[in-house]
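Breakdown of the fold
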Amino acid sequence: MAQHDRILILDFGSQVTQLIARRLRESGVYCEVWPFNAAAPERIHAFAPKGLIFSGGPASVTEGASPRAPQEVFEMGLPILGICYGQQTMATQLGGTVEGGHAAEFGRAVVTVTGECTLTQGLWAKGATETVWMSHGDRITVLPPGFRVVAESEGAPFALIADESRHYYGTMFHPEVVHTPHGAALLKNFTHGVCGCTGDWTMAGFRDEAIERIRAKVGKGRVICGLSGGVDSSVAAVLIHEAVGDQLTCIYVDHGLMRANESDQVVATFRDRFNIKLIHRDASDLFLGQLSGVTDPEQKRKIIGRLFIEVFEEEQNKLGGADFLAQGTLYPDVIESVSATGGPSVTIKSHHNVGGLPEGMRMQLVEPLRDLFKDEVRALGRELGIPEEIVGRHPFPGPGLAIRIPGEVTREKADLLRKVDSIYLEEIRAAGLYDAIWQAFAVLLPVRTVGVMGDGRTYDMACALRAVTSTDGMTAEFYPYDMGFLGRVANRIVNEVRGVNRVTYDITSKPPGTIEWE
């Protein structure tokens, strides 16, 4: 992708660093996120970015061991935008002063525009007040030489600063979040107006380049693709098939934890529509057997990831060998599995297809979607002609229903949850709500509750319904169903699913919760 304009984002540990990358990709600019201390000058030169962005982070620059950008980046002649902590470390490293103990700002804030610069051109007029999103405890008290103030707030007198002679800019607020109304446009002013990017990053172009890369890597080798039926593995499979044809064999592993009728749909779609060689392996006894008695969600994920690889290798041997294993790994998986300090992240949850492969695995990896976010994968799927019922499908985790059954996973519980989930999704589609929701699913709770059906007492399982809206999965809000809809769904579940007598609705946002329960 050397022919594309590109921006490099140095990550200092912010929880919303990925959103910076999302905003840039949305404006047609290719970018990557690197841990700040993995950005050696020679590596940056090789990447050839047209500009740098320093992310926010949880540290304080007033602490002696806090992260710093490589000092050499200030000698490369590249435009730089520092966001929150990124602004503070840039100011400190260029001769300014940052102090703690002043008024902190968290959440929505109002800035007054006191000047003009390329970053605000066409967006913020001098004298105007604008809404932004802040999250800081420290602030700049002395500007570095060459900088001037463009906007200020009550808690941040240097809310936006600029040194236009060197093309350096800093914001104390976060332009990447949706709560800063003009944030995406401010970032575009940096990438297009300051850095001179043309916005030539498209899915059509990515498709052609990815096919070339796959052919160059695979050569005459044979590829096995683990097909789950979800968006990621489906797009990866069709893309690889376009590149190498019958050198690809897809293996669909039914671990007994798929949604209702999903296995039949996967087999029919890929064998019949795309004419892709497909092996359907029913390994439900193996997976459910090894999950027996396991309650820890991380252990569940690791067991499932290990068994996937073991099954792949068994099928590889039956085929007479394969050279490559294809996976639908996405860019958020990669970023979340590496922290800003270059080591294992403070793990929220592990990704079974990142960093968890056995050391002795004989196949090489092919991960053609590794540079893409979820919505970019959907766009690529449409470019490839994949049916909308697959491309537009709500995200479904690799471990399947195992992480929607808190506690021990059994076949009986999986069957119950499949029925509940099927009713729930059927009602969502009937109400015309499916495409308005990012992800919807049911969870089988590890509790039994007392109920009354007819004249009898029941003591059955409870379930929770979950539905969220999101643009990228990094943050999410619960979907505001009307109570009539929820009542209708609950009534169907308790009447049609023997073994479930109580339905709840999860109204937790992300953060503080996650989208999935485990």
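Under an unreviewed UniProt entry, the name given to the protein chain is GMP synthase [glutamine-hydrolyzing], and the organism recorded is Roseococcus pinisoli. For the protein chain, the Function (unreviewed entry) comment in UniProt is given as "Catalyzes the synthesis of GMP from XMP." Looking at the protein chain in UniProt, the text filed under Catalytic activity (unreviewed entry) is "XMP + L-glutamine + ATP + H2O = GMP + L-glutamate + AMP + diphosphate + 2 H(+)".

Turning our attention to the overall build of the protein chain. Across its full length, the protein chain carries 14 helices and 20 strands. A globule of 518 residues ought to have a C-alpha radius of gyration of about 24 Å, and the protein chain, at 25 Å, matches this closely. The principal-axis extents of the C-alpha atoms in the protein chain amount to approximately 75 × 65 × 40 Å. Across the 518 residues that make up the protein chain, the buried fraction comes to 58%. Sequence-distant contacts, at least 24 apart, represent 74% of the contacts inside the protein chain between residues at least 6 apart. With an accessible surface of roughly 21100 Å², the protein chain has 50% of that area assigned to carbon and sulfur atoms.

All right, on to the UniProt feature "binding site: ATP" (unreviewed entry) in the protein chain then. With numbering aligned to this structure, UniProt lists the feature "binding site: ATP" (unreviewed entry) at Ser228, Gly229, Gly230, Val231, Asp232, Ser233 and Ser234. Checked against the lining of the largest cavity, the annotated residues reduce to Ser228, Gly229 and Gly230. Mapped onto the fold, Gly230 is located in the loop between β12 (223–227) and α6 (231–244). The class of Gly230 is buried, set by a relative accessible area of 12%. Residues within four places of Gly230 in sequence aside, it is in contact with Ile390 and Arg393. Here Val231 is to be found in helix α6.

Applying the stated criterion across every chain, the model contains one cavity of 30 Å³ or more. Of the pockets and cavities examined, the largest cavity occupies roughly 40 Å³. Contributing to the lining of the largest cavity are Ser228, Gly229, Gly230, Met258, Arg259, Glu262, Phe396, Pro397 and Gly398. Among the residues making up the lining of the largest cavity, the classes are represented as three nonpolar, four polar and two charged.

Throughout the structure, instances matching the rule amount to 28 salt bridges. Where Arg25 meets Glu376, a salt bridge forms, and the shortest distance between an N and an O atom there is 2.7 Å. Linking Arg25 in helix α1 (residues 17–26) with Glu376 in helix α11 (residues 374–383), this pair joins segments that are 351 residues apart in sequence. No difference in accessibility class separates Arg25 from Glu376, as the two residues are buried. Of the charged contacts, one joins Arg148 and Glu164 as a salt bridge, the two residues approaching to 3.4 Å between their closest N and O atoms. Of this pair, Arg148 sits in strand β9 (residues 148–152) while Glu164 sits in the loop between β10 (160–163) and β11 (168–171), and the two are 16 residues apart along the sequence. Among the ionic contacts, a cluster of salt bridges with common partners joins Arg22, Arg23, Arg25, Glu26, Asp375 and Glu376.

With that settled, the discussion passes to the nonpolar core. Grouped together as the largest cluster of nonpolar side chains are 121 residues, with contacts concentrated most on Phe54, Phe270, Tyr424, Ile428 and Tyr481. Discounting residues that sit within four places of it in the chain, Phe270 has contacts with Leu227, Ser234, Ala237, Val238, Asn275, Ile276, Leu278 and Ile390.

All right, on to the pairing of strand β2 (residues 30–35) then. Within β2, six of the six residues are buried, leaving the element largely enclosed by the surrounding structure. Residues Tyr30, Glu32 and Trp34 of β2 are buried on one face, and the alternating residues Cys31, Val33 and Pro35, pointing to the opposite face, are buried as well. Two elements, strand β1 (residues 6–11) and β2, share six bridges in a ladder whose sense is parallel. Residue pairing for β2: Leu8 is matched across the bridge by Glu32. In this fold, β1 hands off to α1, which returns the chain to β2; that crossover is right-handed.

According to UniProt, the positions carrying the feature "active site" (unreviewed entry) are Cys84, His174 and Glu176. These residues run over 93 residues, yet every pair of their C-alpha atoms falls within 11.1 Å of each other. Note that Cys84 resides in the loop between β4 (80–83) and α3 (85–93). The contact partners of Cys84, leaving out residues within four places of it in the chain, are Gly56, Ser135, His136, Thr171, Met172, Phe173 and His174. Inspection of the secondary structure assignment puts His174 in the loop between β11 and α4 (183–194). Apart from residues lying up to four places away in sequence, His174 is in contact with Ser14, Val16, Gly56, Ile83, Cys84, Trp133, Ser135 and Thr180.

Turning our attention to the sheet that holds strand β15 (residues 324–326). Note: strands within a sheet are paired through backbone hydrogen bonds, in either parallel or antiparallel orientation. Taken together, five strands build an open sheet; the order of strands is β14-β13-β12-β15-β16 and the sheet is parallel. Of all strands in the sheet, those with a lone pairing partner are β14 (277–282) and β16 (364–366), marking the two edges. Averaged over all neighbouring strand pairs, the angle between strand axes comes to 30 degrees, with direction disregarded. Against the sheet, helix α5 (residues 203–218) engages β12, β15 and β16, with an angle of about 165 degrees to β16.

In this section: the side chain of His4. Inspection of the secondary structure assignment puts His4 in the segment before β1. Judged by its relative accessible area of 9%, His4 is buried. Polar side-chain contacts of His4 include one of 3.4 Å to the side chain of Asp200.

So, how was this worked out
- Every residue gets a number counted from 1 within its own chain, in the order that chain's sequence is written.
- Owing to the predicted nature of the model, reporting of local features is limited to residues with pLDDT of at least 70; listing and counting of side-chain atom pairs is limited to 80 or more, with chain, interface and lining totals taken over all residues.
- Values shown for side chains rest on all heavy atoms present in the structure; no hydrogens or waters enter the calculation.
- UniProt positions are given in the numbering used here, feature names are shortened, and annotations may be inferred rather than shown by experiment.
- Secondary structure elements follow DSSP: runs of H or I of four or more residues count as helices, runs of E of two or more count as strands, with numbering from the N terminus.
- For the radius of gyration, the atoms used are the C-alpha atoms, and the globule rule reads 2.2 Å times the number of residues raised to 0.38.
- Buried, partly exposed and exposed residues are distinguished by accessible area as a fraction of the type maximum, computed with a 1.4 Å probe on protein chains only: under 20%, between the cut-offs, and over 50%, respectively.
- Residue contacts follow a heavy-atom distance rule, with two residues in contact if any of their heavy atoms lie within 4.5 Å.
- Per-residue and other accessible areas were derived by the Shrake-Rupley procedure at a 1.4 Å probe size, with only the shown protein chains allowed to occlude residues.
- Two kinds of site are reported from a 1 Å grid over the protein atoms alone, namely cavities, where a 1.4 Å probe fits but cannot get out, and pockets, open sets with protein on both sides within 12 Å along at least five of seven lines, and residues are called lining when an atom falls within 4 Å of a point.
- Grid points are joined across faces, edges and corners, and a volume is the space filled by probe spheres set on the points.
- Ten residue types, Ala, Val, Leu, Ile, Met, Phe, Trp, Tyr, Cys and Pro, are classed as nonpolar, four, Asp, Glu, Lys and Arg, as charged, and the remainder, Gly among them, as polar.
- For this document, the term salt bridge refers to a Lys or Arg side-chain nitrogen within 4 Å of an Asp or Glu carboxyl oxygen.
- Buried Ala, Val, Leu, Ile, Met, Phe, Trp, Tyr and Cys residues that are joined via side-chain atoms within 4.5 Å together make up what is termed a nonpolar core.
- Between any two strands, pairing holds if DSSP finds at least two bridges.
- With the strands aimed away from the viewer, a crossover counts as right-handed if its path from the first strand over the helix to the second runs clockwise.
- For every element, the axis is a line fit to its C-alpha atoms; helices are fit only across the contacting stretch, and the angle between N-to-C directions ranges from 0 to 180 degrees.
- Here a polar contact is taken to be a pair of N or O atoms separated by no more than 3.5 Å, where protein atoms must pair a possible hydrogen donor with a possible acceptor and residues adjacent in sequence count only if both atoms sit in side chains.

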